[in-house]
Amino acid sequence: MAPVKRPVILFVLPWSLRFIGGVNQVVTNLALQMRDAGQFEPLVLMADWAAPVPVFEEINGVRTVRWRVRPYQGAMGVKARLAYILWELGFRKRFARFCREHDVQAVNVHYPGGMAFTLERVLKATKSRAPFLLSFHGSDVSNLANSSASEKDAWRGLVRNSDAVVTCSLELAKRVETALAMAVRYHVIYNGVDADKFAGGAGAQVAEENSVILHVGKFDYNKGQDVLIEAFARIAADFPGTILHLVGSSGSQLDNLRLLAANLGLAERVRFFIDIPFAQIPEYFAEASVFAFPSRQEAFGLVLLEAGTCKLPVVASRVGGIPELIHDQLTGLLVEPDDVASLAQALRTLLGDPAFAHQLGRRLSKRVAADFSWENTRDRYEKLICDISQSALPAQTAA
């Protein structure tokens with residue numbers, strides 16, 4: 001694949017961009033925005049042990065390159081460390097040549113792990129001036145918080161040596177600081193929403209009959225679908241025409257959730273839609289009347305932006321970065337996580353007061369349209385990179 005004319009931002013992922021997931025959705029949309037209207041050209045580097053040399057391909061309209069990048073680990077044994085060092089010596093030259101050929105102006109590691117340590121070492125060894133950025137998304141910070149003391153020491157060094165730490169919410173930035181027990185020079189750059197994909201799917205109005213409560217998210221404990229099913233059971237008799245749609249990718253809790261719905265006598269009214277392609281997700285928003293998001297842990301929640309674009313009234317947990325978007329009683333309803341009774345009451349309020357529900361949905365829609373676009377996300381990233389590059393330039397000497 002021939003190099004492009006614009007300077008390149010190299011996004012880095014520890015997996016293929018083909019996988020379904022929130023991090024990939026962020027990187028894909030950010031890259032597409034840059035491709036179409038940015039001052040940089042995006043290129044996504046994906047770790048692939050089966051690619052000892054760079055393999056270029058296009059995925060969902062995004063230029064990508066698969067390449068073997070060994071993760072650096074401080075706790076490696078003698079043989080493993082020797083093998084790594086020998087590999088890194090060769091990789092430094094190849095990576096430096098790659099960056100020159102493709103005019104790489106910045107390296108932005110998303111969901112940082114062992115690869116981030118490798119690339120930081122390589123950039124430092126080659127005296128590269130390309131800004132080095134770490135972008136955290138949520139569960140990567142949980143992994144960081146649960147790491148050993150020696151691992152956290154290594155992470156502190158990596159964070160200090162990076163040019164910027166980016167998080168998708170203020171709450172997540174604070175979690176990074178807590179995990180590392182240090183102050184971090186962070187930059188909060190909110191994710192966006194592809195409004196064009198959801199604009200035609202404005203949700204159905206709340207009605208006494210045939211309302212749909214929607215949840216979108218992986219069938220995972222942290223998403224709290226069990227709390228939602230139990231809350232729905234408490235109001236189901238009062239809203240006999242209402243059904244619950246659970247849309248998500250396969251996860252560890254799927255069988256348990258199905259069993260819970262059956263045991264509560266809701267097998268016919270709780271409907272599961274599994275591993276639905278992202279392109280079809282707007283159809284489920286279009287059928288919904290209320291969006292429920294009772295997560296136990298959430299960095300931010302892209303689906304809340306999608307719900308807002310569709311003007312859906314939202315009830316969500318007061319956790320993570322969610323309160324940075326959902327203001328209780330203004331742009332949605334907030335409840336405490338694991339509080340079945342409060343969630344049931346919030347659902348009852350939204351279903352029983354269509355005018356209030358409509359008002360919340362409209363306010364959230366305006367907030368999302370004003371502040372949460374991928375164009376804004378791209379602009380913030382590009383400005384950050386330009387500011388870092390400018391500050392790194394040597395001072396001009398007066399004539």
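Heads up: these notes are all about the structure in this document. (Residues numbered from 1 in each chain as written. Predicted model: local features only at pLDDT ≥ 70, side-chain atom pairs only at ≥ 80, totals over all residues. Heavy atoms only, no water.)

**So, the packing of helix α8 (residues 225-235) against helix α9 (residues 254-263)**
Defined as follows: For helices, the axis comes from a line fit to the C-alpha atoms of the stretch in contact; other axes are also lines fit to C-alpha atoms, and the angle between any two N-to-C directions lies between 0 and 180 degrees. In this text, helices come from DSSP runs of H or I with a minimum length of four residues, and strands from runs of E with a minimum of two, each type numbered from the N-terminal end. When describing relative orientation, an angle under 35 degrees is termed roughly parallel and one over 145 degrees roughly antiparallel, while 65 to 115 degrees is termed roughly perpendicular and anything else oblique. Here, residues are in contact when the closest pair of their heavy atoms is within 4.5 Å. Three classes are used: nonpolar for Ala, Val, Leu, Ile, Met, Phe, Trp, Tyr, Cys and Pro, charged for Asp, Glu, Lys and Arg, and polar for all others, with Gly counted as polar.
For the pair α8 and α9, the least separation of the axes is 10 Å and the interaxial angle reads 10°. Here α9 runs roughly parallel to α8, going by the angle between their axes. Packed against α8, whose contacting residues are Q225, D226, I229 and E230, the element α9 presents L257, L260 and A261 at the interface. Taken together, the residues of the contact of α8 with α9 break down into 4 nonpolar, 1 polar and 2 charged.

**Quick look at the sheet that holds strand β9 (residues 212-216)**
Convention followed: Being paired, for any two strands, means DSSP has found at least two bridges between them.
With respect to topology, 6 strands assemble into an open sheet ordered β11-β10-β9-β12-β13-β14, the strand pairing being parallel. The sheet terminates laterally at β11 (270-274) and β14 (333-335), the two strands that pair on one side only. This sheet shows a mean twist of 20° between the axes of neighbouring strands, independent of strand direction. Note: β9 against strand β12 (residues 290-293), 2 bridges, orientation parallel. Bridge pairing links I213 to V290 in β12. The sheet strands contacting α8 are β9, β10 (243-248), β11 and β12, and the helix crosses β10 at an angle near 170°.

**Overview of the layout of surface pockets**
Rules: Cavities and pockets were defined on a 1 Å grid built over protein atoms only: a cavity is a set of grid points that admits a 1.4 Å probe from which the probe cannot escape, a pocket is an open set flanked by protein on both sides within 12 Å along at least five of seven lines, and lining residues are those with an atom within 4 Å of any such point. Grid points are joined across faces, edges and corners, and a volume is the space filled by probe spheres set on the points.
If you add up the space inside the second largest pocket, you get close to 430 Å³. Taken together, 19 residues form the lining of the second largest pocket, with Y72, Q73, F117, E151 and W155 sitting closest to its centre. At the level of secondary structure, the elements contributing two or more residues to the lining of the second largest pocket comprise α3 (114-125), α4 (139-145) and α5 (149-161). It is α5 that contributes the most residues to the lining of the second largest pocket, 4 residues altogether. Residue composition of the lining of the second largest pocket, grouped by class: 9 nonpolar, 8 polar and 2 charged.

**Looking at α5**
Filter applied, for reference: Between the first and last residue of a helix there are one fewer steps than residues, each counted as 1.5 Å, and that sum is the expected span. Each residue's exposure class comes from its accessible area (1.4 Å probe, protein chains only) as a fraction of the maximum for that residue type: buried when under 20%, exposed when over 50%, partly exposed otherwise. By definition, the arc is the one covered by directions from the helix axis to the C-beta atoms.
In this model, α5 (13 residues) spans 19 Å end to end at C-alpha, consistent with the 18 Å of a helix rising 1.5 Å per residue. Inspection of α5 places K152, W155, R156, L158 and V159 among the buried residues, and these make up the whole buried set. Angularly, the buried residues of α5 cover 165° about the axis, an arc narrow enough to put them on a single face. Turned more than 90 degrees off the buried face of α5, the exposed positions are S150 and R160. Contacts made by the buried residues of α5 are with α3, β6 (132-136), α4, β7 (164-167) and α6 (170-180).

**Re the sheet that holds strand β4 (residues 62-67)**
Pairing between sheet strands relies on hydrogen bonds along the backbone, with the strands arranged either parallel or antiparallel. The strand order β3-β4-β2-β1-β5-β6-β7-β8 describes an open sheet built from 8 strands, whose pairing is mixed. If you trace the sheet from one side to the other, it starts and ends with β3 (55-59) and β8 (186-188), each paired once. Neighbouring strand axes in the sheet, compared pairwise and without regard to direction, differ in orientation by 30° on average. The strands touched by helix α2 (residues 78-101) within the sheet are β1 (8-13), β2 (41-47), β3, β4 and β5 (104-110), with β4 carrying the most contacts at an inclination of about 165°.

**Overview of the state of the cysteines**
We count it as follows: Cysteine sulfur pairs qualify as disulfides if the two atoms are within 2.5 Å.
Following the criterion strictly, the structure yields 0 disulfides and no others. Left unpaired, C386 is separated from the closest cysteine sulfur, that of C99, by 17 Å.

**Some thoughts on a nonpolar patch on the surface**
We count it as follows: Nonpolar side chains (Val, Leu, Ile, Met, Phe, Trp, Tyr) within 5 Å and like charges within 9 Å form the patches, drawn only from residues with over 30% relative accessible area and no salt bridge. The Shrake-Rupley method, run with a 1.4 Å probe, gives the accessible areas here. Residue values count only the displayed protein chains as cover. For this document, the term salt bridge refers to a Lys or Arg side-chain nitrogen within 4 Å of an Asp or Glu carboxyl oxygen.
Taken together, the side chains of L82, I85, L86 and L89 make up a nonpolar region of the molecular surface, amounting to roughly 370 Å² of accessible area. Within the secondary structure, I85 sits in helix α2.

**As for unusual backbone geometry**
If you check the backbone angles, K127 has positive phi at about 55° while not being a glycine. Of note, Q329 is a non-glycine position whose phi angle comes to about 70°, a positive value. With respect to the helices and strands, the residue Q329 is situated in the loop between β13 (314-317) and β14. A residue is classified by how much of its surface remains accessible, and Q329, at 46% relative accessible area, is partly exposed.

**As for the nonpolar core**
Stated formally: Think of a nonpolar core as a cluster: buried Ala, Val, Leu, Ile, Met, Phe, Trp, Tyr and Cys residues, connected wherever their side-chain atoms sit within 4.5 Å.
By size, the foremost hydrophobic cluster in this structure holds 74 residues, and its most contacted members are F285 and F291. Not counting residues up to four positions away in its chain, the partners in contact with F291 are L214, H215, V216, F285, V303, L304, A307, L312, P313, V314 and V315. Core analysis: the second largest hydrophobic core is formed by 34 residues, L246, L257, A292 and L360 among them.

**Focus: the environment of R380**
When you line up the elements, R380 lands in helix α14 (residues 374-392). For the pair R380 and I189, spaced 191 residues apart in sequence, the C-alpha separation works out to 6.7 Å. When neighbours within four sequence positions are excluded, R380 is seen to be in contact with V188 and I189.

**A few points about the side chain of H137**
Worth spelling out the cut-off: Between N or O atoms, a polar contact is any pair within 3.5 Å; within protein, one atom must be a potential hydrogen donor and the other a potential acceptor, and residues adjacent in sequence are included only when both atoms are from side chains.
Within the secondary structure layout, H137 lies in the loop between β6 and α4. Only 2.9 Å separates the side chain of H137 from the side chain of H110, close enough to count as a polar contact. Filtering out sequence-adjacent residues up to four positions away, H137 remains in contact with V23, V26, H110, Y111, C168, L172 and A299.

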